[in-house]
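# Structural overview
Okay, here's what each chain looks like letter by letter:
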Amino acid sequence: MVQIVAKRAGRGESCRSMALGLLVGWATMFITIQLLLLAPSTDTTRESLTASSSLIAPFEDGDGESKTSSTTVKQQQQGLIADKASASETATATTAVLDLKGEALGDRSLPEASLDLHYTLHLNEFKNTMKDPTYDKVMTAFHTDNIWTEQEQHDSTTSTGNAEKSRLDTMLDLWNLRDGNQKNGSPILDHENRIDKFLLQTTNPPRVIVEVGVFRGANSIHLAQRLQQHAHLKDTFIICIDTWLLDLRYVWPPAQMTGDDTYFQSTRVAGHELMYFVFLANVLKANMQHRIIPLQSSSLNGALALIAKGIRPDLIYLDASHANPDVFLDLINFWTILQPGGVLVADDYKVALPVRAAVEAFQKRFPEEIAELVCPQNQCWIYKKMK
């Protein structure tokens, strides 16, 4: 495209005047640069420059100056503007091997859609790791107040006389969700007693558990109740990350969201999903609120939140989106955040093809970091080596 424009510009002017020729030359160069910046890339250049999507975290150099690992990207951009040939060489040199190629996009629908993907999370060592993370410290870091007990604000002239009622109580009563709904869930399967083996280690007991994809909270509540049974886990708590939007209802065929199956039945008001309050009601009903901290967020933003607060989990249970690129990104992000010696459990490995493809691609990326990977009973247990 750029070459065609250059030829037309040269053909439209003669070389009768050196000054005029120079003027046309500068004009042609300017137009060419603009087109390079604005025109779509060729297939080769596009694959080279966009195949690697990176989430870049800031770090400090030896002088304490804040920098990022995006220097290479900036140099590539400058090379593209200044010298097309140089940019082409840089793009070729940085072409990444795809982790996923032609893999299914959806887990139960979208058979016509597939994707190619390479993704890397660049994250230097946690320099601001939260020291001795506690339930209260993490609750305050995310929510300022304890969301289970924060009180309604009443002034002296409009007080209702019910100062003990929390804001959550008010919302649950408003939507008539006090009894919750915990009929369904997808708990961690205790194959070969792996949960107890991990929880009962006394030399370095887990402190922070993260569940990504929580739904009504059946698994979170079950885990919290198991923590209650062991004195050495009295300070262990669970961060529950979910949007609670049930937004897969927009993608899945209606037949899989309705009918006799009550798994996806929920309460909505004007299209707004109330699953979050159902989850909160279930936690209150089980009296496990002192073990559970909700984080209403997408999995990607939830990972960013853990990085921002310096929280490194010991156990992570992934049961969020079963479509790609979500699954692969979740595996990369949360594995990077996971404590050395920790465990990441991925659900639905055998029933969701995108999950299986993502786990297999993930295994190829981190052979030096994985101590053990086993996938019994539809779930993959991935153990991270100690440093």
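This text gives an overview of the structure that appears in the document. (Residues numbered from 1 in each chain as written. Predicted model: local features only at pLDDT ≥ 70, side-chain atom pairs only at ≥ 80, totals over all residues. Heavy atoms only, no water.)

### A short note on the overall build of the chain
For the chain, the count of helices and strands is 13 helices and 14 strands. Considering the chain as a whole, with its 387 residues, one finds that 39% of them fall into the buried category. Restricting to contacts in the chain with at least 6 residues of sequence separation, those with at least 24 account for 72%. Carbon and sulfur atoms make up 53% of the accessible area of the chain, which totals about 21,400 Å². (Helix = DSSP H or I, 4+ residues; strand = E, 2+ residues; numbered from the N terminus. Buried < 20%, exposed > 50% of the residue type's maximum accessible area, 1.4 Å probe, protein only. Contact = heavy atoms within 4.5 Å. Areas by Shrake-Rupley, 256 points an atom, 1.4 Å probe, with all protein chains shown as cover.)

### Structural notes on a nonpolar patch on the surface
The grouping of L110, Y250 and V251 at the surface amounts to a nonpolar patch, some 300 Å² of accessible area in total. Position of L110 among the secondary structure elements: in the loop between β4 (100-104) and β5 (114-122). Among the residues examined, L110 registers a relative accessible area of 32% and is labelled partly exposed. (Patch = residues over 30% accessible without salt bridge, like charges linked within 9 Å, V, L, I, M, F, W, Y side chains within 5 Å. Salt bridge = Lys/Arg side-chain N within 4 Å of Asp/Glu carboxyl O.)

### Notes on the state of the cysteines
Under the definition given, this model contains one disulfide. In this model C375 forms its disulfide with C380; the gap between the sulfur atoms is 2.0 Å. Across the S-S bond linking C375 and C380, the dihedral sits near 105°, which makes this disulfide right-handed. (Disulfide = S-S within 2.5 Å.)

### Section: the sheet that holds strand β11 (residues 315-318)
Read across the open sheet, the seven strands follow the order β10-β7-β6-β11-β12-β14-β13; overall the sheet is mixed. Either end of the sheet is taken by a strand with one partner, and the two such strands are β10 (292-296) and β13 (370-374). Direction aside, neighbouring strands of the sheet carry axes that sit 15° apart on average. Where β11 meets strand β12 (residues 343-347), four bridges bridge the pair, whose relative direction is parallel. Across the sheet, the residue bridging to L315 is V343, located in β12. Contacting β6 (208-212), β7 (237-242), β10 and β11, helix α9 (residues 218-228) runs over the sheet at an angle of about 175° to β7. (Pairing = 2+ DSSP bridges. Axes fitted to C-alpha atoms, helices over the stretch in contact; angles between N-to-C directions.)

### Details of helix α6 (residues 135-143)
Those residues of α6 lying buried are Y135, V138, M139 and F142. Along the axis of α6, the buried positions cluster into a sector of 100°, meaning they face one direction only. Check the buried side of α6 and you find it contacts β7, β10 and α11 (299-309). Among the residues trailing α6, T144 stands out with phi positive, at a value near 70°. (Arc of directions from axis to C-beta.)

### A look at the packing of aromatic side chains
For the structure on display, the rule yields eight aromatic pairs. Plain terms: the ring middles of Y135 and F237 are 6.3 Å apart, the flat faces sit at 90° to each other, and that makes the pair edge-to-face. Residue Y135 is located in helix α6, and its partner F237 is located in strand β7; the two are separated by 102 residues in the primary sequence. Under the relative-accessibility criterion, Y135 is labelled buried at 12%. Seen in terms of ring centroids, W381 and Y383 are 6.4 Å apart; in terms of plane orientation they differ by 25°. Their pairing is stacked. The same class applies to W381 and to Y383, which are both buried. Counting every residue linked through ring pairs, the aromatic cluster contains W244, Y276, F277 and F279. When the ring centre of W335 is taken as reference, the NZ or CZ atom of K384 above it lies at 5.4 Å. (Phe/Tyr/Trp six-rings, centres within 6.5 Å; stacked < 30°, edge-to-face > 60°. Lys NZ or Arg CZ within 6 Å of the ring centre and 35° of its normal.)

### Let's talk about the packing of α11 against helix α12 (residues 326-337)
Close contact between α11 and α12 brings their axes to 10 Å; oriented N to C, the two are set at 15°. Taken together, the axis directions place α11 and α12 in an arrangement best described as roughly parallel. Every pair of crossing elements has a handedness; the one defined by α11 and α12 is left-handed. On the side of α11, the interface is formed by S299, L300, A303, L306 and I307, while α12 contributes D330, N333, F334 and I337. Here the contact of α11 with α12 is built from residues that sort into six nonpolar, two polar and one charged. (Parallel < 35°, antiparallel > 145°, perpendicular 65-115°, else oblique. Left-handed = near helix turned anticlockwise from the far one by under 90°. Nonpolar A, V, L, I, M, F, W, Y, C, P; charged D, E, K, R; others polar.)

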